[in-house]
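Spelled out from the first residue to the last, the chains are:
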Amino acid sequence: MLMEEETCLDCKRPTITVIDHSSGDTICSECGLVLEAHIIEYSEEWRTFASDDNRSDRDPNRVGAPTNPLLKSGNLVTVIEKPKENVSSVVSKDDLSTLCRAQNQVKNHEEDLIKKAFEEIQRMTDALYLDIVVHSRACEIVSKFDGHANTKLRRGKKLYAVCAASVSMACRELKLSRTLKEIAMVANGVELKDIRKSSMVIKRVLESDQASVSAAQAIINTGELVRRFCSKLDISQREIMAIREAVDKAENFDIRRNPKSVLAAIIFMISHISQTNRRPIREIGIVAEVVENTIKNSVKDMYPYALKIIPNWYACEADIIKSIKTYQETDLDD
């Protein structure tokens, strides 16, 4: 309760008033008269969402449910309900029905399945008395199913099987002893063979995701190597820019070579076009820590794509073709 001074109509003078927030009444402390009823609270109405009672884990929000980073929408969605009977509304029932149908057409149904999977994982982990860490990891695994043909969630028993397999996978990663039989007992009648099949699908999804991360890291690492290698070889800024662009373009082609080998080959190709600033392949090999024959083979693999890899602003098509012919004639003889 909050105490303030206000003029009482019965007491005919300023008195101490009490504001009762539970009922919304302003009451005179001397005579008990209700001066104002059902007052409006104008201050912020914060709602706090936290995973536990830890005060350091606080996520205050004004309205709505807590956000979920595992969902593409972040769980920030607007739902248009169907018109209800005997309920007056500013918008007509026909307009509400039209809006509801339009929303259903553009709605992300795959995300609805993921939300349902999260709820099922919560139920399973609660039944098995598992920690919230297992629940979080299992939900993260399910969120990898992005709706493509090979990674699409299905309704019914198949969804329960994926949820059970994700819980099993999370337990294994966190080194918790939960057998498939124990998990199957809380999986809404899903058989062990279905959980095993879903486990194989999850493994492929996780391996594919890890491969994508590794590929991205390889691109980043190659970009970092450009500056260091070019600095040691005393290459001009113009050539460095051409090498960076060529490295980025090379990622679009099926060149099955080590990132260092690709970079060393591109450095040779770019410098080989230059008439005044050429670098011998032996020197490039020492800096890049790549054997000379490996650089030669990488150059052979990449020259068919030279016109598409080497930037047009650095060298015209005639100069690139001339460089290729010179390379073929000399076979990279220093």
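Small disclaimer: the values here were computed from a predicted structure and weren't measured.

## Quick word on the overall build of the chain
Line of reasoning, step 1. A count of helices and strands for the chain gives twelve helices and six strands.
Line of reasoning, step 2. Taken across its 334 residues, the chain has 36% of its residues classed as buried.
Line of reasoning, step 3. Summarising the internal contacts of the chain: among those between residues at least 6 apart in sequence, 54% fall at separations of at least 24.
Line of reasoning, step 4. Only carbon and sulfur atoms are counted for the fraction: they give 50% of the accessible area of the chain, which is about 21500 Å².

## Description of a nonpolar patch on the surface
Line of reasoning, step 1. On the surface, Ile 132, Val 133, Leu 174 and Leu 176 cluster together into a nonpolar patch covering about 310 Å² of accessible area.
Line of reasoning, step 2. Here Leu 174 shows up in the loop between α4 (157–173) and α5 (180–184).

## Some thoughts on the environment of Arg 227
Line of reasoning, step 1. Positionally, Arg 227 belongs in helix α6 (residues 192–232).
Line of reasoning, step 2. Taking C-alpha positions, Arg 227 is 9.9 Å from Gln 237, a pair spaced ten residues apart along the chain.

## Focus on the nonpolar core
Line of reasoning, step 1. With 39 residues, the main nonpolar core has Ile 243, Leu 263, Ile 266, Ile 267, Met 302 and Ile 310 as its most contacted residues.
Line of reasoning, step 2. Secondary structure elements with two or more residues in this core: α6, α7 (237–250), α8 (259–273), α9 (281–288), α10 (292–302), α11 (306–309) and α12 (317–330).
Line of reasoning, step 3. A total of ten residues in this core trace back to one element, the largest contributor, which is α8.
Line of reasoning, step 4. Once you skip the residues sitting within four places of it in the chain, Ile 266 turns out to touch Ile 243, Ala 246, Val 247, Ala 250 and Met 302.
Line of reasoning, step 5. In terms of nonpolar packing, the next biggest core, distinct from the first, is built from 35 residues, Ala 138, Ile 141, Ala 164 and Ala 187 among them.

## With respect to the packing of α9 against α10
Line of reasoning, step 1. Closest axis-to-axis distance for the α9/α10 pair is 9 Å, and the angle between their directions is 105°. Taken together, the axis directions place α9 and α10 in an arrangement best described as roughly perpendicular. Residue-level inspection shows Ile 281, Arg 282, Ile 284 and Gly 285 of α9 in contact with α10, the latter providing Glu 292, Ile 295 and Lys 296.
Line of reasoning, step 2. Split by residue class, the contact of α9 with α10 holds three nonpolar, one polar and three charged.

The rules we used
- Residues numbered from 1 in each chain as written.
- Predicted model: local features only at pLDDT ≥ 70, side-chain atom pairs only at ≥ 80, totals over all residues.
- Heavy atoms only, no water.
- Helix = DSSP H or I, 4+ residues; strand = E, 2+ residues; numbered from the N terminus.
- Buried < 20%, exposed > 50% of the residue type's maximum accessible area, 1.4 Å probe, protein only.
- Contact = heavy atoms within 4.5 Å.
- Areas by Shrake-Rupley, 256 points an atom, 1.4 Å probe, with all protein chains shown as cover.
- Patch = residues over 30% accessible without salt bridge, like charges linked within 9 Å, V, L, I, M, F, W, Y side chains within 5 Å.
- Salt bridge = Lys/Arg side-chain N within 4 Å of Asp/Glu carboxyl O.
- Core = buried A, V, L, I, M, F, W, Y, C linked by side-chain atoms within 4.5 Å.
- Axes fitted to C-alpha atoms, helices over the stretch in contact; angles between N-to-C directions.
- Parallel < 35°, antiparallel > 145°, perpendicular 65-115°, else oblique.
- Nonpolar A, V, L, I, M, F, W, Y, C, P; charged D, E, K, R; others polar.

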